[in-house]
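Reading the structure
This is what each chain is made of:
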Amino acid sequence: MYRKPWFWISFVILAMLAVMFNLRYADKAFNTLNIQISMSRKESLQEAVNLHNRLGVKFEGYRQATVFDSDAEFQNYVELRAGGKQALEKILSSDDYYPNYWYVRHFKEGEPRELISYFSPAGQIIGFEEKVPESEPGKALPRLEALALADSLARTQWSVALDKYTLIEEAQEARPNGRIDHTFTYERSELKYNEALIRLKLIVSGDRLTTLQPYSKIPEQFSKEYEEMRSYNEMLAMIASALMMLLYGIALLVWLFRLLKSRQLIWKPALKWAILIGVFMFFASLNYISFYWLGYDTSTSSGSFLTQLILGSLFQGLLLAAVAFLTFLVAEAVTREAMPNQVQFWKSFSRDTAPTKSVLGKVLGGYLVMPIELAYVIAFYYFTQSRFGWWSPASSFSNPNILGSFMPWISAIGQSLQAGFWEEAMFRALPLATMLIIGTKLNKKGLFLTLGIILQAFIFSAAHAGYAQQPFYSRLAELSVTSVIMAFIYLRFGLLPAVIWHFSFDALMMNLSSFLTKSSDLIPDRIIFSILFLLPLLIILWRKAQATLATGGKFGLSA
């Protein structure tokens, strides 16, 4: 059946219909937000510099770091307790509060003085925080003078409509050199989102307004309830991870020693793939190094901070490479023993094997399954959200932070390659091949395969339950179906199509923002990503071209 033209024609048509369905319903199923971001990353940095002049503060020699951030707790509260996504969209279209904003940090090694700037998605200044050294001298204004100063500057210089606010809290703190800092907290009593409140903090340091910060006040009870909700997600993921390390870890070691004795391990290709993934993951970790500076402690050496980041990324890459090496080594050998009639995985892209219809079918099939799988995910969440009220946090497909990375394609390709290859080897190949071998030897193949399919489906799907979706078992329900389908694909066609499907699915989702974010700077990234995304298919075509040139025959695929 799989060799018939009608099967592949139907398969392609189904994939095309899935693509059309995905384009039609993706934004509804994935709970996407329509955030109009007209300020670019470069503009946020420049406007932060302009803010210095308005504040009359010198920041020569300071570094900058920026991120498009969000008030996640406020968003979660609105979605779960104060009207859902529609209410959140209404807030986004108003000027009452900005749950999404540009956050720019100015900092310098050894300097306690910093400046944090907040800008709306459209580029409007919405707040700032100047961290003034405690030892800096300044005036000691009485409370009423400091309050009048804060009121006047907020209204005249920063266009804050303080008439809409009510002063609810105030405090003052005397500094060592005689300066007094006054903190005034205001609240918009008429603007409530259920029990969530919008507040404004003004700080006068000496005789200067050094902080103007709007923020949300979420009920403590909700924070506790939300943490409890999330704890079930994390508990389920921890159970799955523990089972994986216990069961799969033991199986991995037992097979390793057994295969070492029988000399069935193929080392070189496993080592090459592991090194490749380790290198990718090293650079993927460093790719967003500009964001790490947002958490840098200026009292420490910037050189030491950077060295720790690099060494940490290097250690992570080496660790992942080591784990991947052992997993690939064993999973491929066990698959070869369990399914001796399948094409050996390491030979899939060799000169002799790649031009065959069998390998092309596996690679092409893996790519075609990807949009169908995405259509299933979209349909699953669309149905469960509309019928049962299941929830996943709203977000924007377009991510301006991607412009802050050196090369976004490295992170997308590296992480999806690691997840697609390693997870399919560990979660799929190792348990299913083991159960197939045991079941065959005990003449109970059906029973053991059924147990293996159930086991791998639970562990794989539960291990991904740590996301914020509710109820906590939503990802378990979603991925269990996917795991069962991929188990049958692996058992019928081997590891290659499963890896291609997993890799292509993750890569598309991880780098989708690169294609949706409007910036010509990302054109080279999109080209490189697209080439690497299709590289398995391109290798097959290249191998076939080589074979054709060598034989002088027509371009076609051998059986």
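Details of the structure are given in the entry above.
I will try to describe carefully the structure that is included in this document. (Residues numbered from 1 in each chain as written. Predicted model: local features only at pLDDT ≥ 70, side-chain atom pairs only at ≥ 80, totals over all residues. Heavy atoms only, no water.)

Another aspect to go through is the overall build of the protein chain. A count of helices and strands for the protein chain gives 16 helices and 8 strands. For the protein chain, the spread of C-alpha atoms along the three principal axes comes to 90 × 50 × 45 Å. Taking all 559 residues of the protein chain together, the buried fraction comes to 51%. Across the protein chain, 52 positive and 45 negative side-chain charges occur, with their mean positions spaced 16 Å apart. (Helix = DSSP H or I, 4+ residues; strand = E, 2+ residues; numbered from the N terminus. Buried < 20%, exposed > 50% of the residue type's maximum accessible area, 1.4 Å probe, protein only. Lys, Arg positive; Asp, Glu negative; His and termini not counted. Charge placed at Lys NZ, Arg CZ, Asp CG, Glu CD.)

All right, on to the packing of helix α12 (residues 445–463) against helix α13 (residues 474–493) then. For any two helices packed against each other, the geometry comes down to the angle between their axes and how far apart the axes lie. Contact pair α12 / α13: the axes reach a minimum separation of 8 Å and the direction vectors enclose 135°. Judged on the interaxial angle alone, α13 and α12 are oblique. In this structure, the crossing between α12 and α13 has a hand that is right-handed. For the pair α12 and α13, contact is made by L449, I453, Q456, A457, F458, F460, S461 and A462 and by R475, L476, L479, S480, S483, V484, A487, F488 and L491, respectively. Looking at the contact of α12 with α13 residue by residue, the classes come out as 12 nonpolar, 4 polar and 1 charged. (Axes fitted to C-alpha atoms, helices over the stretch in contact; angles between N-to-C directions. Parallel < 35°, antiparallel > 145°, perpendicular 65-115°, else oblique. Left-handed = near helix turned anticlockwise from the far one by under 90°. Contact = heavy atoms within 4.5 Å. Nonpolar A, V, L, I, M, F, W, Y, C, P; charged D, E, K, R; others polar.)

With that out of the way, let us pick up α13. Under the 1.5 Å per step criterion, the end-to-end length of α13 is 29 Å for 20 residues, consistent within 8% with the ideal 28 Å. Among the residues of α13, S474, R475, L476, E478, L479, T482, S483, M486, A487, I489, Y490 and L491 are the ones counted as buried. Trailing α13 by a residue or two, G494 shows a phi angle of about 95°, which is positive. (Expected span 1.5 Å × (residues − 1).)

Here we take up the environment of Q415. With respect to the secondary-structure elements, Q415 resides in helix α11 (residues 408–441). Separated by 17 residues in sequence, Q415 and L432 have C-alpha atoms that sit 24 Å apart. In contact with Q415, not counting residues within four places along its chain, are M281, A284, I410 and M510.

Let us now look at the environment of L451. In this structure, L451 sits in helix α12. Separated by 49 residues in sequence, L451 and I500 place their C-alpha atoms 25 Å apart.

What follows concerns a nonpolar patch on the surface. The grouping of I523, I527, I531, L534, L535, L538 and L541 at the surface amounts to a nonpolar patch, some 560 Å² of accessible area in total. Going through the elements one at a time, α15 (523–533) and α16 (535–551) are the ones with two or more residues in the nonpolar patch. If you trace the backbone, I531 turns up in helix α15. (Patch = residues over 30% accessible without salt bridge, like charges linked within 9 Å, V, L, I, M, F, W, Y side chains within 5 Å. Areas by Shrake-Rupley, 256 points an atom, 1.4 Å probe, with all protein chains shown as cover. Salt bridge = Lys/Arg side-chain N within 4 Å of Asp/Glu carboxyl O.)

Turning to unusual backbone geometry, a few remarks are in order. Omega for the peptide link from Q470 to P471 comes to 5°, which places this bond in the cis form. By the secondary structure assignment, P471 is in the loop between α12 and α13. Located in the positive-phi region is N31, a residue other than glycine, with phi close to 55°. In this fold, N31 is placed in the loop between α1 (5–29) and α2 (41–55). Positive phi, close to 60°, is recorded for N443, a residue that is not glycine. Topologically, N443 is positioned in the loop between α11 and α12.

Take the pattern of salt bridges next. A side chain with one charge may pair with a side chain of the opposite charge, provided their charged atoms come close. This model, assessed by the stated rule, comprises 21 salt bridges. Residue R188 is joined to E190 by a salt bridge in which the shortest nitrogen-to-oxygen separation is 2.8 Å. R188 sits in the buried class, given a relative accessible area of 7%. The network of salt bridges with shared partners includes E134, E173, R175, R179 and D181.

Across 2 bridges, the pairing between strand β4 (residues 125–131) and strand β8 (residues 208–217) is antiparallel. Considered in β8, the bridge of F128 is made with L212. One ladder, built from 9 bridges, connects strand β7 (residues 196–205) with β8; its direction is antiparallel. Bridge pairing in β8 places V204 opposite L209. Linking two consecutive strands that pair antiparallel, namely β7 and β8, is a turn of 2 residues; a positive phi of about 70° is found at G206 within it. (Pairing = 2+ DSSP bridges.)

Attention now goes to the packing of aromatic side chains. One pass over the full model with this rule turns up 45 aromatic pairs. Ring centres of W273 and F421 lie 5.3 Å apart, and the angle between their planes is 80°; on these two criteria the pair is classed as edge-to-face. Here W273 is found in helix α7 (residues 267–286), whereas its partner F421 is found in helix α11, with 148 residues between them in sequence. On the accessibility criterion, W273 (30% relative accessible area) is partly exposed. Between Y367 and F533 the ring centres are 5.8 Å apart and the planes differ by 55°, which places this aromatic pair in the tilted class. Of the two residues, Y367 is situated in helix α10 (residues 357–388) and F533 in helix α15; the sequence distance between them amounts to 166 residues. Just as Y367 is buried, F533 falls in that class too. Taken together, the aromatic side chains of Y232, Y376, F380, Y381, F383, F388, W390, F472 and Y473 make up a single cluster linked through ring pairs. Across from the ring centre of F107, 4.7 Å away, lies the NZ or CZ of R105, which sits over that ring. Residue placement shows R475 over the ring face of Y467; its charged tip is 4.8 Å from the ring centre. (Phe/Tyr/Trp six-rings, centres within 6.5 Å; stacked < 30°, edge-to-face > 60°. Lys NZ or Arg CZ within 6 Å of the ring centre and 35° of its normal.)

Between α1 and α10, the shortest axis-to-axis distance is 8 Å and the interhelical angle comes to 35°. When you trace α1 past α10, the crossing you get is left-handed. Residue composition of the contact of α1 with α10, by class: 22 nonpolar, 4 polar and 1 charged.

The strands making up a sheet associate through backbone hydrogen bonding, with each pair oriented either parallel or antiparallel. Taken together, the 8 strands give an open sheet; going across it, the order is β1-β2-β3-β4-β8-β7-β6-β5, and neighbouring strands pair in antiparallel fashion. A single partner strand is all that each edge strand has here, and the edge strands are β1 (63–70) and β5 (166–174). The mean inter-strand angle of the sheet, taken between neighbouring strand axes irrespective of direction, is 25°. Contacting β1, β2 (100–107), β3 (114–119), β4 and β8, α2 crosses the sheet at an angle of about 120° to β3.

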